[in-house]
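Survey of secondary and tertiary structure
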Amino acid sequence: MTTHQIKILFVAGFGSSMVFGTVVGSFADKYGRRNNCIIYGVLYGMACVTKHFGNFWVLMLGRLLGGVATSILYSAFESWVVYEHSARGYDSDSLNTLFSQATLTNSLVAVGAGLAAQLAADCFGFVAPFDTSLLVLIIMVIVIGCTWTENHGDCSAPLTQTFTSAINAIKTGKHDKLFMKWCAISIILKPISYILFIT
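This text gives an overview of the structure that appears in the document. Quick caveat: nothing in here was measured; it's all calculated off a predicted structure. (Residues numbered from 1 in each chain as written. Predicted model: local features only at pLDDT ≥ 70, side-chain atom pairs only at ≥ 80, totals over all residues. Heavy atoms only, no water.)

Attention now moves to the overall build of the protein chain. Check the secondary structure of the protein chain and you find eight helices and zero strands. Starting at the N terminus and ending at the C terminus, the protein chain contains elements arranged as α-α-α-α-α-α-α-α. Relative to its full complement of 199 residues, the protein chain shows a buried share of 26%. Within the protein chain, counting contacts between residues at least 6 apart in sequence, those at least 24 apart form 79% of the total. (Helix = DSSP H or I, 4+ residues; strand = E, 2+ residues; numbered from the N terminus. Buried < 20%, exposed > 50% of the residue type's maximum accessible area, 1.4 Å probe, protein only. Contact = heavy atoms within 4.5 Å.)

Take the nonpolar core next. With 17 residues, the main nonpolar core has Y40, L43, I72, F77, M140 and I144 as its most contacted residues. Those elements giving two or more residues to this core turn out to be α2 (33-50), α3 (56-73), α4 (76-87) and α6 (128-147). When residues in this core are grouped by element, the largest group, six residues, is from α2. (Core = buried A, V, L, I, M, F, W, Y, C linked by side-chain atoms within 4.5 Å.)

A complete count under the given rule lists one salt bridge for this structure. As a salt-bridge pair, E84 and R88 come within 3.0 Å of each other at their nearest N and O atoms. On the basis of relative accessibility, which here comes to 9%, the residue E84 falls in the buried class. (Salt bridge = Lys/Arg side-chain N within 4 Å of Asp/Glu carboxyl O.)

α6 packs onto helix α5 (residues 92-124) with a crossing angle of 125° between their chain directions and a minimal axis gap of 7 Å. One way to sum up the angle between α5 and α6 is to call them oblique. Note on packing geometry: the crossing formed by α5 with α6 is right-handed. Residues A117, A120, A121 and F124 of α5 form the contact with α6, whose participating residues are A128, P129 and T132. Counted by class, the contact of α5 with α6 contains six nonpolar, one polar and no charged residues. (Axes fitted to C-alpha atoms, helices over the stretch in contact; angles between N-to-C directions. Parallel < 35°, antiparallel > 145°, perpendicular 65-115°, else oblique. Left-handed = near helix turned anticlockwise from the far one by under 90°. Nonpolar A, V, L, I, M, F, W, Y, C, P; charged D, E, K, R; others polar.)

The next point concerns the packing of aromatic side chains. Taken as a whole and assessed by the stated rule, the structure comprises seven aromatic pairs. Ring geometry for Y40 and F77: centres 5.4 Å apart, planes at 90°, overall edge-to-face. Taken together, the positions of Y40 in helix α2 and F77 in helix α4 put the pair 37 residues apart, joining distant regions of the chain. We classify Y40 as buried; its relative accessible area is 9%. Here F77 falls in the buried class, since its relative accessible area comes to 16%. Counting every residue linked through ring pairs, the aromatic cluster contains Y40, Y44, F77, W80 and W148. One residue, K51, lies across the ring of F130, its end atom 5.6 Å from the ring centre. (Phe/Tyr/Trp six-rings, centres within 6.5 Å; stacked < 30°, edge-to-face > 60°. Lys NZ or Arg CZ within 6 Å of the ring centre and 35° of its normal.)

Turning our eyes to something else, we now look at the side chain of T50. Among the structural elements, T50 can be located in helix α2. According to the relative accessible area criterion, T50 is buried, its value standing at 6%. At 2.6 Å, the side chain of T50 and the backbone oxygen of A47 are in polar contact. (Polar contact = N/O pair within 3.5 Å; in protein donor to acceptor, adjacent residues only side chain to side chain.)

With that settled, the discussion passes to the side chain of R34. Checked against the element boundaries, R34 lands in helix α2. Within polar-contact distance, the side chain of R34 engages the backbone oxygen of G145 at 3.3 Å. When near neighbours in sequence (up to four residues on either side) are disregarded, R34 contacts W80, I144, G145, W148, T149 and E150.

On to a nonpolar patch on the surface. On the surface, M18, V19 and F20 cluster together into a nonpolar patch covering about 310 Å² of accessible area. Of note, F20 is situated in helix α1 (residues 3-31). For F20, a relative accessible area of 39% translates into the label partly exposed. (Patch = residues over 30% accessible without salt bridge, like charges linked within 9 Å, V, L, I, M, F, W, Y side chains within 5 Å. Areas by Shrake-Rupley, 256 points an atom, 1.4 Å probe, with all protein chains shown as cover.)

The end-to-end C-alpha distance of α3 is 25 Å, a good match for the 26 Å that 18 residues give at a rise of 1.5 Å each. Among all positions in α3, only F56, L59, M60, G62, L65, G66, G67, V68, A69, T70, S71 and I72 are buried. Tucked into the core, α3 has its buried residues touching α1, α2 and α4. Where α3 begins, the capping side chain belongs to N55, and its oxygen is found 2.8 Å from the backbone nitrogen of W57. (Expected span 1.5 Å × (residues − 1).)

Rendered as structure tokens:
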């Protein structure tokens, strides 16, 4: 595989997340956030399996699946927690504590996952970290399926409503200035690490 093909695969995952990220929230609201989290596990699991193939188009499929899954990862889990927190009548301070602890735990787990992935790669080859991830995803899907309750948002909203609303807000200028500043900063700063990686 050429360096150019690798760059295309790398960018395809982020492009997929950008395109499908606009509708995954509506999908979760309509068909259930728990179901969406399970779909995340299935899609990322399928993306992991594609790493066993040296075919560009199979790897492209994996990157596209991974992009959709990433969009779900950054929306459905938190939405499920916020809804359940409210439905169970917990106070808002405990939600703040939960998210701050989740952020810290996420960082620690990321370091641990990186070490585990390196160990798996050293012992079993470069695809082994994806196989390890697949195992964790299977366990996650089983736990979610057996222990989580389902919750929904606005079931009557069409799937494209979020995307259409975002486009209309950008066109008409009806948006929150602070939010738009945050978007501008993200657009400028976040890609820098990816640009450094693929150049």
